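Letter by letter, the chains look like this.
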Amino acid sequence: ETGVTQSPTHLIKTRGQQVTLRCSSQSGHNTVSWYQQALGQGPQFIFQYYREEENGRGNFPPRFSGLQFPNYSSELNVNALELDDSALYLCASSPGTASTNEKLFFGSGTQLSVL
Amino acid sequence: SQQGEEDPQALSIQEGENATMNCSYKTSINNLQWYRQNSGRGLVHLILIRSNEREKHSGRLRVTLDTSKKSSSLLITASRAADTASYFCATPPGGYNKLIFGAGTRLAVHP
């Protein structure tokens, strides 16, 4: 158990809808990263938040957006859902200063299916 | 584009045998990490090796890093059925605050 919790665990949406995924980071961690993992692939970096500010973004369109709250929990929002958005969405937290020299602590993910 | 590429894509062995997975990457790094994933759920960090280290051990795991060849290997000794999982290498490309994962090696250990 990493102490990182994600909700919901599963979600079914239809194309064009909007979705919000939530993540509570491990106690003491101020950096949260979100990843998308398609079936049979490795996780792809979406973005990272450090102390409530976006601190890096991967190759994802603007309809993927996020927030980090003062308690360092985070949300991932996806607008205008597309079929290709079906994937496992993983949240990971890390302590310190958003350095890449640290390991990530992952939640169990949210499995999103877009029909 | 993938920074890390694992080889082989899939590996099937018997309990007690050793399992070796390889990872290649493209750009300079300051560390390389290995993660394990059971049944498409959350990833668990296994080991981090820094660019100035050549080998690191953790229990039944041994990781090597060759920065001249931009490659790493993960060895699991005396494998168990419980080691069945997908294994990913991940690297932070220089100057970026994100980890880039390879496509993973799916390991099946048969009793």
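Residues numbered from 1 in each chain as written. Chains lettered and ligands numbered in written order. Predicted model: local features only at pLDDT ≥ 70, side-chain atom pairs only at ≥ 80, totals over all residues. Heavy atoms only, no water.

Asker: Requested: an account of the state of the cysteines, with residues and values cited.
Answerer: Residue and element names in this part refer to chain A. The tally for this structure, following the rule as stated, stands at 2 disulfides over all chains. Residue Cys23 pairs covalently with Cys91 via a disulfide, S to S 1.8 Å. With the S-S bond torsion at -60°, the cross-link from Cys23 to Cys91 turns out left-handed. You can see Cys23 sitting in strand 3 (residues 19-24) and its partner Cys91 sitting in strand 9 (residues 87-94), a full 68 residues away along the chain. Here the two residues Cys23 and Cys91 agree in accessibility, since each one is buried. (Disulfide = S-S within 2.5 Å. Helix = DSSP H or I, 4+ residues; strand = E, 2+ residues; numbered from the N terminus. Buried < 20%, exposed > 50% of the residue type's maximum accessible area, 1.4 Å probe, protein only.)

Asker: Give me the lowdown on the environment of Ser58 of chain B, citing residues and values where you can.
Answerer: Residues and elements named next belong to chain B. For Ser58, the position within the fold is in strand 6 (residues 55-58). Since its relative accessible area comes to 35%, Ser58 is described here as partly exposed. Once the C-alpha coordinates of Ser58 and Ala90 are considered, the two residues, 32 residues apart in sequence, prove to be 17 Å apart.

Asker: Tell me about the interface of chain B and chain A, and name the residues and values.
Answerer: Listed per partner, the contact involves 23 residues of chain B and 25 residues of chain A. Between chain B and chain A lies a buried interface of about 1,800 Å² when both sides are counted; carbon and sulfur atoms form 47% of it. Among the residues chain B hides against chain A, the three largest losses belong to Arg41, Leu43 and Asn97 of chain B. Together they make up 33% of the total. The interface formed by chain B and chain A holds 0 salt bridges in total. (Contact = heavy atoms within 4.5 Å. Buried area = accessible area lost by both parts, 1.4 Å probe. Salt bridge = Lys/Arg side-chain N within 4 Å of Asp/Glu carboxyl O.)

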